[in-house]
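Here is how the chains run, residue by residue.
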Amino acid sequence: KESRLYLIESNFPFWEKTMQQNHEIAWHPHLYKIINNTAVDILTNDIEIEETIGNLWQTIQENKLDIKTFRNGEGWMTTALFNLIEKLNIHTDSTAISGKEVKEQDSKNWINAPNHHYYPDLLNCKEQGAKRNTIELPRNSWQFKAS
């Protein structure tokens, strides 16, 4: 079984040099349902998401990694997940892809999200709300038609 910190452990000299140059290591998990040792789909159940993030966060804390920025894999986010990473004292999220439309999967649908930094609403992380401890820094996106 590979370590949850494989990328850090296998390239530690690089990360150590990076941190010495005042760069940040951010957290970019891919949260999948695992069935028979195979990733089959992204997690959608808030309880499973919280349990998975909690287990991963415990590993991060045990290894004294100073994580302040998060970007969820596959560009999906739920309000419950956003609120959870805020409780973990993560200051910045950059999962949003403003304007991205995925009608069949709401967690990947960013069609109405602002295309600038914003504090997400407590009840809908894809809408602007009042100032809070964690800010959303969307990946810039532009809509244009190409041939």
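Residues numbered from 1 in each chain as written. Predicted model: local features only at pLDDT ≥ 70, side-chain atom pairs only at ≥ 80, totals over all residues. Heavy atoms only, no water.

Caption draft 1: Here's a closer look at the overall build of the protein chain. Helix and strand counts for the protein chain stand at four helices and five strands. Taking 147 residues into account, the globule formula puts the C-alpha radius of gyration at 15 Å, and the protein chain, at 16 Å, falls close to it. The principal-axis extents of the C-alpha atoms in the protein chain amount to approximately 40 × 40 × 40 Å. Here the protein chain, with 147 residues, has 39% of them falling under the buried criterion. (Helix = DSSP H or I, 4+ residues; strand = E, 2+ residues; numbered from the N terminus. Rg over C-alpha atoms; globule rule 2.2 N^0.38 Å. Buried < 20%, exposed > 50% of the residue type's maximum accessible area, 1.4 Å probe, protein only.)

Caption draft 2: Molecular detail of the sheet that holds strand S5 (residues 135-136). The strand order S3-S4-S5 describes an open sheet built from three strands, whose pairing is parallel. Strands with a single pairing partner mark the edges of an open sheet, and in this sheet they are strand S3 (69-70) and S5. With two bridges connecting them, strand S4 (residues 92-93) and S5 associate as parallel partners. Note that in S5 the partner of Thr92 across the bridge is Ile135. (Pairing = 2+ DSSP bridges.)

Caption draft 3: The arrangement of the layout of surface pockets in detail. Considering only enclosed or pocket space, the largest pocket measures out at about 900 Å³ in volume. What lines the largest pocket is a set of 24 residues, among which Arg4, Leu5, Trp27, Pro29 and Leu56 lie closest to the centre. Element by element, the count of residues in the lining of the largest pocket is highest for helix H3 (residues 46-62), at four residues. Lining the second largest pocket are 14 residues, and of these Asp106, Asn109, Asn124, Cys125 and Lys126 sit closest to its centre. (1 Å grid on protein atoms, 1.4 Å probe; cavity = no way out; pocket = protein on both sides within 12 Å on 5 of 7 lines; lining within 4 Å. Points joined across faces, edges and corners; volume = space filled by probe spheres on them.)

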